[in-house]
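Chain residues, written in single-letter form:
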Amino acid sequence: MPPYTPLSPYAENSAKSLGRLYTEDESSTRTPFARDRDRIIHCTAFRRLKGKTQVFVANEGDYFRTRLTHSLEVAQIARSLALSLNVEQDLAETVALAHDLGHPPFGHAGEDELHKCMEPWGGFDHNVQTFRVVTKLEHRYPAFEGLNLTWETLEGIIKHNGPSVHLLSRPSWKAVKDFNDIYDLRMDTYASIEAQIAAIADDIAYNNHDVDDGLKAGLFTIDDLRDIPLIGPALASTEKDWPDIDDRMLRLEGVRRMIGAMISDVTEETQRRLEADRIETAEDVRKATRQMVAFSGTIMEGLARLRAFLYARMYKHHHLNRTRSHAKRILNQMFYLYMEEQDVLPDEWYQLVCSKDTEAGRARVICDYIAGMTDSFAIDEHRKLFSFT
């Protein structure tokens, strides 16, 4: 086993964590960040990700990514990046595993429809819903609501895309603002380098697995990708090394090489920024004038072209458009039926709705119920509500 290497000075230190909102005895076997990771893995919202859309509805096939398999891939890439930068792997993995806990069924189509339904009462934002899941909605411990995660994990979950103080004035961010008034997450600064790693690992994961899933679904072909930046060169280098390779293995190896190239690029660009900006501590990372973990300009240009290709050939394909249209109708019809006839809700949720003395409070409970559904549960629940068959 290789000797232990101390973490980089700008890494987070679990021994110096700012702790939890509710004080608990420390674990004798796990660091605080590892404990956070385990709490996320064991929570109900994490298990439900297996039945939630990434791009394709979760019941369309066993080979396409779901929110769960996507989150696992993000976590793996985050650990790889954290290792290459010699920072806290457990924290990077934890934020990665948690980042999509608040996604409703049917992916971004579901989020858009819930936001539309909830617009009179503050709207809906999946990042805020993730935060509400870990701070309020999960009920697993007798002493507190939520998962009582460390300050660093909560900061990473809500700030992994950068300073967010400007978002606190949005109605959809009220839950974060209320929590932040009690437990200051320094919304005006960048998050830790580990949280930034989790954010860019998300970009790496979805761009690569969407290429993989799009090919498997027949929405485009390998020949269509040959002139597309990042994936085209990865396919070309694979064929140079393996001239007789079949299309399946070419797809797998090409995507694998693209992931490796993007990880190497992020590592090099991040190290360049850390040196150029004279980052020496974790506090320096937060007070920096820019994100430290980033792609190079060359990769960003290539990603823009790759995303444009995926948008045109995959995300706006008529098959996915029809699925999104159907999904929006399902959530819309259920939401307004529950608002009009609250006694059709399951008993637990009906009692919760009845405990609210405002229409906004009742709407939020109904939104929480729908947001927690898997794709298949939402389809089945809609059928039961609107059909006798």
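Residues numbered from 1 in each chain as written. Predicted model: local features only at pLDDT ≥ 70, side-chain atom pairs only at ≥ 80, totals over all residues. Heavy atoms only, no water.

## Structural notes on the overall build of the protein chain
Rules: Each helix corresponds to a stretch of at least 4 residues labelled H or I by DSSP, and each strand to a stretch of at least 2 residues labelled E; elements are numbered beginning at the N terminus. Only protein chains enter the calculation, and the probe is 1.4 Å; a residue is then buried if its accessible area is under 20% of its type maximum, exposed if over 50%, and partly exposed in between. Residues are treated as being in contact if the distance between any of their heavy atoms lies within 4.5 Å. Computed with the Shrake-Rupley method and a 1.4 Å probe, the accessible areas treat only the protein chains shown as cover for residues. Counted as positive: Lys and Arg. Counted as negative: Asp and Glu. His and the chain ends are not counted at all. Working definition for charges: the position is that of NZ of Lys, CZ of Arg, CG of Asp or CD of Glu.
Broken down by element type, the protein chain carries 18 helices and zero strands. Across the 389 residues that make up the protein chain, the buried fraction comes to 54%. Taking contacts inside the protein chain between residues at least 6 apart in sequence as the whole, the part at least 24 apart equals 72%. Surface exposure of the protein chain reaches about 18500 Å², of which carbon and sulfur atoms provide 51%. Between the mean site of the 48 positive side-chain charges and the mean site of the 61 negative ones, the protein chain shows a separation of 1 Å.

## So, the pattern of salt bridges
This is how the line gets drawn: Salt bridges, as used here, are contacts in which a Lys or Arg side-chain nitrogen is within 4 Å of a carboxyl oxygen on Asp or Glu.
All chains considered together, the criterion is met by 36 salt bridges. Salt-bridge contacts for Arg65 lead to Asp213; the nearest nitrogen and oxygen are separated by 2.9 Å. Within this pair, whereas Arg65 is found in the loop between helix H2 (44–48) and helix H3 (67–85), its partner Asp213 is found in helix H9 (residues 193–216), the two being separated by 148 residues in sequence. Here Arg65 matches Asp213 in class, with each residue buried. Linking Arg273 and Glu269 is a salt bridge whose minimum nitrogen-to-oxygen distance equals 2.9 Å. Taken together, the residues Arg273 and Glu269, both in helix H12 (residues 247–276) and four residues apart, mark about one turn of the helix. Glu269 matches Arg273 in its accessibility class, with the two residues each being buried.

## Overview of the nonpolar core
Our working definition: We define a nonpolar core as any set of buried Ala, Val, Leu, Ile, Met, Phe, Trp, Tyr and Cys residues linked to one another through side-chain atoms lying within 4.5 Å.
Core analysis: the largest hydrophobic core is formed by 81 residues, its most contacted members being Leu101, Leu185, Ile197, Val211, Leu225, Ile231 and Leu306. The element contributing the most residues to this core is H9, with nine residues. Filtering out sequence-adjacent residues up to four positions away, Leu101 remains in contact with Ile40, Cys43, Ala45, Phe46, Leu49, Thr130, Val133 and Val134. Counting residues in each nonpolar core, the second largest holds 23 residues, with Phe124, Cys367, Met373 and Ala378 among its members.

## Re the packing of helix H11 (residues 231–241) against H12
The condition that has to hold: Axis geometry follows a simple rule: fit a line to the C-alpha atoms, using only the stretch in contact for helices, then measure angles between N-to-C directions, giving values from 0 to 180 degrees. If an angle is under 35 degrees, it is roughly parallel; if it is over 145, roughly antiparallel; if it lies from 65 to 115, roughly perpendicular; otherwise it is oblique. Throughout, a crossing is termed right-handed when the near helix is turned clockwise from the far one, and left-handed when it is turned anticlockwise from it by less than a right angle.
Where H11 meets H12, the axes come as close as 8 Å, and the angle between the chain directions of the two elements is 120 degrees. The orientation of H11 relative to H12 falls into the category oblique. Remark: the crossing between H11 and H12 carries right-handed chirality. In contact with Ile231, Ala234, Leu235, Ser237, Thr238, Glu239 and Asp241 of H11, H12 contributes Leu250, Glu253, Gly254, Val255, Arg257 and Met258.

## A word on the environment of Ala195
Turning to its location among the elements, Ala195 is positioned in helix H9. In the structure, Ala195 is positioned 41 residues away from Leu154 in sequence and 9.8 Å away in space, judged by C-alpha atoms. Sequence-distant contacts of Ala195, that is, excluding residues within four places in its chain, are made with Val95, Gly156 and His160.

## Points about the packing of helix H15 (residues 318–340) against helix H17 (residues 359–371)
Using the following cut-off: For this classification, the nonpolar set comprises Ala, Val, Leu, Ile, Met, Phe, Trp, Tyr, Cys and Pro, the charged set comprises Asp, Glu, Lys and Arg, and every other residue, Gly included, is treated as polar.
Two elements in contact, H15 and H17, have axes whose closest approach is 10 Å; the angle formed by their N-to-C orientations is 140 degrees. As summarised for this structure, H15 and H17 are arranged oblique, according to the angle between their axes. Taken as a pair, H15 and H17 cross one another with a handedness that is right-handed. Across the interface between the two elements, Leu331, Met334, Phe335, Tyr338 and Met339 of H15 pack against Glu359, Ala363, Ile366, Cys367, Tyr369 and Ile370 of H17. Across the contact of H15 with H17, the residue classes tally to 10 nonpolar, no polar and one charged.

## A short note on the UniProt feature "domain: HD" (unreviewed entry) in the protein chain
Applicable threshold: UniProt positions are given in the numbering used here, feature names are shortened, and annotations may be inferred rather than shown by experiment.
Per the UniProt record, the feature "domain: HD" (unreviewed entry) sits at residues 67–207. Along residues 67–207 one finds 61% helix and 0% strand; the C-alpha atoms at either end are 14 Å apart.

## A closer look at the environment of Tyr338
Within the secondary structure layout, Tyr338 lies in helix H15. Between the C-alpha atoms of Tyr338 and Trp173, which are 165 residues apart in sequence, the distance is 24 Å. The residues contacting Tyr338, other than those within four sequence positions of it, are Val344, Leu345, Ile366, Tyr369, Ile370, Met373, Glu381 and Leu385.

## Observations concerning the packing of aromatic side chains
Threshold: Put simply, two rings from Phe, Tyr or Trp (the six-membered ring, in Trp's case) pair if the centres are within 6.5 Å, and we call them stacked under 30 degrees between planes, edge-to-face over 60, tilted for the rest.
The full count for this structure, using the stated rule, is nine aromatic pairs. Pairing Tyr22 with Phe144 gives two aromatic rings, centres 5.8 Å apart and planes at 10 degrees, and the pair type is stacked. Taken together, the residues Tyr22 in the segment before helix H1 (32–42) and Phe144 in the loop between helix H6 (126–137) and helix H7 (151–159) connect sequence positions 122 residues apart. The class of Tyr22 is partly exposed, set by a relative accessible area of 41%. Ring geometry for Phe179 against Tyr183: centres 6.0 Å apart, planes inclined by 90 degrees, an arrangement best described as edge-to-face. A relative accessible area of 13% means that Phe179 is categorised as buried.

## Let's talk about the confidence of the model for the protein chain
Short version of the rule: Note: pLDDT gives the predictor's confidence per residue, expressed from 0 to 100.
For the protein chain, mean pLDDT is 94; residues scoring 70 or higher make up 96% of the total. Across the protein chain, element-level confidence peaks in helix H4 (residues 89–98) with a mean pLDDT of 98 and bottoms out in H15 with 93.

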